[in-house]
Amino acid sequence: MGRAFEYRKASKLKRWGNMARTFTRIGKQIAIAVKSGGPEPENNPQLRAVIANAKRENMPKDNIERAIKNAMGKDQKDYKEMVYEGYGPFGIAILVETATDNTTRTVANVRSVFNKYGGSLGTSGSLDFMFNHKSVFTITKKEDVSAEDLILELIDYGVDEDYDEEGDEITLYGDFQSFNTIQKYLEENGYEIKNSEFTRIPTDEKEVNDEQRATIEKMVEKLEDDEDVQNVYTNLKPAEEVEE
């Protein structure tokens, strides 16, 4: 019973830790969005998207409002978005997106993780060509509009022909630069946006064995533990897609 209790307590603490990191990450996104486009969501599409994602992550309304208010304060930290890239163990390409008020600290932390796992941090832009930077929107389908018709309508707005459909939801992919254009179309045409974000999709994925995969996953987890890190992307082929 004692071990079971300790396990449950550890699991709960881990969930709280993950939630705290998520809220910290979103808080920085809110600060960057407010600085870029102002504190009014109706006039700031980037902020609207961040708020929607914050709600999806169950971030309390008070926390969201406080983050917006703090972002307008004169003492608000000036966060800079930086991308670090390099090779991890076994030749896996890794991109690390960060939001930081101290680039010296952040690059030192990121480099330390790369070194610990036998990787090497490269120069800016050295691996960017290995990933497609995309806008991603998950929306609720309309009964009177098919996914195919919606895609045909949105191609001129920067949306790709490929999409994912599951249940009553459609996930759309589009150009990174077309985020605001796509978002505006969906909002003006009454689509419920369940989630919107940016992602980096590898152009070529690499297979590894189970032991190597475990090492890479530990490295990614270590990077994600850093409060300055927003997202980590690799060209590691998903385990479920590897042929036995």
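Report on the accompanying structure. Everything numeric here is computed off the predicted structure, so don't read it as measured data.

Conventions used here
Residues numbered from 1 in each chain as written. Predicted model: local features only at pLDDT ≥ 70, side-chain atom pairs only at ≥ 80, totals over all residues. Heavy atoms only, no water. Helix = DSSP H or I, 4+ residues; strand = E, 2+ residues; numbered from the N terminus. Rg over C-alpha atoms; globule rule 2.2 N^0.38 Å. Contact = heavy atoms within 4.5 Å. Lys, Arg positive; Asp, Glu negative; His and termini not counted. Charge placed at Lys NZ, Arg CZ, Asp CG, Glu CD. Pairing = 2+ DSSP bridges. Salt bridge = Lys/Arg side-chain N within 4 Å of Asp/Glu carboxyl O. Buried < 20%, exposed > 50% of the residue type's maximum accessible area, 1.4 Å probe, protein only. Axes fitted to C-alpha atoms, helices over the stretch in contact; angles between N-to-C directions. Parallel < 35°, antiparallel > 145°, perpendicular 65-115°, else oblique.

1. Some details on the overall build of the chain
The secondary structure content of the chain amounts to seven helices and eight strands. Computed over its C-alpha atoms, the radius of gyration of the chain comes to 20 Å, within 12% of the 18 Å expected for a compact globule of 244 residues. Along the three orthogonal principal directions, the C-alpha set of the chain runs to about 50 × 50 × 50 Å. For the chain, contacts bridging at least 24 residues in sequence account for 68% of all contacts bridging at least 6. Between the mean site of the 33 positive side-chain charges and the mean site of the 48 negative ones, the chain shows a separation of 11 Å.

2. Remarks on the pairing of strand β5 (residues 159–166)
The pairing of β5 with strand β6 (residues 169–175) spans five bridges and is classified as antiparallel. Bridge pairing in β6 links D164 to T171.

3. Let's talk about the pattern of salt bridges
Tallying each qualifying case throughout the model produces 14 salt bridges. As a salt-bridge pair, E97 and R200 come within 2.7 Å of each other at their nearest N and O atoms. One end of the pair, E97, is in strand β2 (residues 93–100); the other, R200, is in strand β7 (residues 193–202), and 103 residues separate them in sequence. Across this residue pair, the class does not change: E97 and R200 are buried. Put simply, K141 and E165 hold a salt bridge, and the shortest N to O gap is 2.9 Å. Within this pair, whereas K141 is found in the loop between β4 (131–140) and α5 (147–154), its partner E165 is found in strand β5, the two being separated by 24 residues in sequence.

4. Details of the packing of helix α2 (residues 45–56) against helix α6 (residues 179–188)
Closest axis-to-axis distance for the α2/α6 pair is 10 Å, and the angle between their directions is 70°. Taken together, α2 and α6 sit at an angle that is classed as roughly perpendicular. For the pair α2 and α6, the contacting residues are P45, Q46, R48 and A49 in the first and F179, N180, Q183 and E187 in the second.

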